[in-house]
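Here is what each chain is made of, one letter per residue.
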Amino acid sequence: MTDNAFGLIYTGEANLQLRELTYSRSVAAVPFAGRYRCIDFILSNLVNTGISNVGVITQKNYHSLMDHLGSGKEWDLHRKRDGLFILPPFVTRDNTGIYNGTVDAIRSVLGYVRRSSQRYVLLTGSHTIYNTTYSDMLAQHIKTCADITILYNDVTAFDRDDQYDDLRLMLDEKGRVYDLQIDPYRPMTPSQSCDLYIMEKTLLEYLVEEAASHALTDFVRDVLVKNVSTLKLYGYRYDGYVARMNSLSSYFKHNMAVLDRGVRSDLFNPQHPIYTKVKDEAPATYGPDAHVANSLVADGCIVEGSIENCVLFRGVHIGVGSILKDCILMQASDVRENCSLEHVILDKGVTVRAGRRLAGYESFPVIIRKGSTI
Amino acid sequence: MKKRMIAMLLAGGQGSRLGVLTNRTAKPAVPFGAKYRIIDFPLSNCVNSDIDTVGVLTQYEPLELNGYLGNGSAWDLDRNTGGVYVLPPYVKGSRGEWYSGTANAIFQNLAFIERYCPDYVLVLSGDHIYKMDYAAMLRHHIERQADATIAVLEVPLEEAHRFGIMETDDGGIVTDFIEKPRQPKSNKASMGIYIFTTAVLRRYLIEDDADESSAHDFGKNVIPKMLGDGMRLSAYAFRGYWKDVGTVKSLWEANMDLIGDKAQLDLNDREWRIYSRSPVMPAHYIGPSASARCSIVSEGCEIDGTVENSVLFTGVRVGHGAFVKDSVLMPGTRIGPNAIVKKAILGEEAMVGAGAVLGDAKCADDLPYDTSLTGDITLVASGTSIAPLARVPAGMIVNNDFTGEEDAENDG
């Protein structure tokens, strides 16, 4: 059954409040949990489901994403039949080169959709992180004869600042969606969409062409929400950990959550490995004066100072006498001697000179742009 | 398609002096340095020296090695022409035979070499840890107009009897070569790395095969024969870290050489990366009450205890209150809560029960185990488990699940 589905990942999510993190990259390429990029989770989920045809729609700032995905080799998606297709915007007679929302983006890649031989499409965004396979969901989709099945999870906390395309599903006892709310002021239900939809690809083609002909642009707002009464929509609940990369504070929160053993075993279930680009870094080195507590450390790090509640990406250096608490340090950041950092996010390749002090707060972490020197 | 130089990597050694570590795997596939296997070093040297065709000669327990090499993509050796090839012995016509020596192994694969018409052939061992630019060695070979070039390392004179020892003239041309001499006259030791001009190699391998008195070994037969015939053999001096990891002690030492202030081999060298097959695991985690000092740790580890001066491979677990010192924990090793592990090498997926003590010097005298292979290093075979609270004396080789009951009897 799963060999009868293909994946279509939309990576152009705008309006996310990720600030400096997305200045030079799309959210799909935002680094997460020490050695991953957001898109690794969705891609690995698709691959672990047995799907071998995946299209990735890119929008703006996609260099970093292209570099990460390469030929798709790391996800076993460099294939003669199907494999990984990167679908950047292009200019033609009826294409402007810039996608004006998801409908426009999908419409531009309908050629790829038509050429895909599979019957079902798994349409998804790239900023939601979780680890599962979609086989059971697809089975339910077929069994219920749904038009569209939406993956959701039940969320307890609600933070208006964190709201981004917050799609809520009102479900009846059979799991059918009878109403949808987008960015509700007061959510009526804990069931929040994980931004993944299963449908037949012919339905997707029809919905997108139909919406485009009415000058509609957004698949969720203009197609799903408006057609909730005419389409047969079902929900499929996912009970594991779900991280939505909506804002800087949610980015910080979810990275820190990975320090929790339960979350880690959920996101890194050895039965469903998460694949990512291999960097061939040396193993991490701990110096004689290293102090490490409750931290996640990737290969290639050299820790000579003291870290607590930190996430260290590949190739980070912490100098002697430096003390770091509650920090996220992306690839190749270099913190020299005797620094003090608290609630700080260092983007890739940031250098912090000896003796510098930086502190943010849990709800307002300091973020330092890629390549800066402090 | 013609290649300038191809490499032939001798990976058939059984590695019997590594004891239980090579029970089910060839020596070059033995894990080393937290995320590598021994063969990653010569393979990465090849790639970093722009050699894109490598024949790997195997005959002992090749399954794990074959699986590890795969199509060679981890080393960028998945090439349209060339790449990495596993070359086991095979039946030729009505007759087939095992590789009877290093020279014989290459002889049996002359057809493979001829496919690439290389000008030069590099012969390597699969059990050495070092970083070396074979392209520089080739330049040396060409400049000296040598028929063969041997990489040479100066070793302490008292250890010279373990190596092929040569004497050279002022120009670095070899004048004398004796394999494992009783009374070495120099400290210039062969590293087992040779570059041959292909035509010369071919001629000598064919001659060597016809010689029934020969042991078909490069050091014992081929090199002395070439020297006797007046061929031009050049010595290429190598300075830098080089370690033969053929014994339990040297394997342990070479791992320890990677850590601490006096780390002798830089694995973080961006210009000379050591490539390996990546295991697909998350970054490692160090718990709130854990400690990691003077150690190297790889991905997938979960550490809740104390780790000092140790090498931890992928997916190792160290439980709460456990203490690991001066040890090498190979992939997937589990150390139970409050266990103590001192100066030990634990094979893949070995399990140490809660509160067990490994490498306990106190009870070493009580039990007359054969420690000739290990000295005071405790060795635990892959997949074996040590029962909770068991005490394993220093220097013991644990080949089967260890309950510690024999131990209790002796105490009584």
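Being a predicted model, the structure only gives us computed values, none of them experimental. (Residues numbered from 1 in each chain as written. Chains lettered and ligands numbered in written order. Predicted model: local features only at pLDDT ≥ 70, side-chain atom pairs only at ≥ 80, totals over all residues. Heavy atoms only, no water.)

(A) Up close: the interface of chain B and chain A. Listed by partner, the interface residues are 34 residues for chain B and 34 residues for chain A. A buried area of about 2800 Å², summed over both sides, lies between chain B and chain A, and 47% of it is on carbon and sulfur atoms. Counting the contacts that link chain B with chain A gives six salt bridges. Linking chain B to chain A there are 24 residue pairs in polar contact (both at pLDDT 80 or more). Of the residues belonging to the side of chain B that touches chain A, the class tally is 17 nonpolar, nine polar and eight charged. As defined by bridge partners, strand S16 (residues 284-286) of chain A adjoins strand S18 (residues 295-297) of chain B across three bridges and the pair is classed as antiparallel. Paired with Thr285(A) across the bridge in S18(B) is Ile296(B). (Contact = heavy atoms within 4.5 Å. Buried area = accessible area lost by both parts, 1.4 Å probe. Salt bridge = Lys/Arg side-chain N within 4 Å of Asp/Glu carboxyl O. Polar contact = N/O pair within 3.5 Å; in protein donor to acceptor, adjacent residues only side chain to side chain. Nonpolar A, V, L, I, M, F, W, Y, C, P; charged D, E, K, R; others polar. Pairing = 2+ DSSP bridges. Helix = DSSP H or I, 4+ residues; strand = E, 2+ residues; numbered from the N terminus.)

(B) Quick peek at the pairing of strand S5 (residues 83-87) of chain A. Residues and elements named next belong to chain A. Across five bridges, the pairing between strand S4 (residues 53-57) and S5 is parallel. Bridge pairing in S5 links Val-56 to Ile-86. In this region the chain leaves S4, passes through helix H2 (residues 63-69) and returns to the parallel neighbour S5; the handedness of that crossover is right-handed. (Right-handed = clockwise from strand over helix to strand, strands pointing away.)

(C) Molecular detail of the pattern of salt bridges. Residue and element names in this part refer to chain A. For the structure shown, the criterion picks out 34 salt bridges over all chains. Its salt-bridge partner being Arg-114, residue Glu-205 comes within 3.4 Å of it at the nearest N-O pair. With Glu-205 in helix H6 (residues 201-213) and Arg-114 in helix H4 (residues 110-115), this pair connects stretches of sequence that are 91 residues apart. Linked by salt bridges that have partners in common, Arg-107, Arg-114, Glu-205 and Glu-209 make up one network.

(D) Focus on the domain arrangement of chain A. All names here are of chain A. Partitioning chain A into domains gives domain 1 (2-267) and domain 2 (285-368). Here the C-alpha centre of domain 2 lies 32 Å away from the C-alpha centre of domain 1. Broken down residue by residue, the surface that domain 1 buries against domain 2 is led by Gly-34, Phe-252 and Leu-259, which jointly contribute 35%. Linking Arg-25 and Asp-347 is a salt bridge whose minimum nitrogen-to-oxygen distance equals 2.8 Å. Here domain 1 and domain 2 share two residue pairs in polar contact (both at pLDDT 80 or more) between them. Elements supplying a minimum of two residues to the side of domain 1 that touches domain 2: strand S2 (31-32), strand S3 (36-37) and helix H8 (248-257). Sort the elements by how many residues they give to the side of domain 1 that touches domain 2 and H8 lands first, with six residues. Taken together, the residues of the side of domain 1 that touches domain 2 sort by class into eleven nonpolar, three polar and six charged. (Domains from an automatic or database assignment.)

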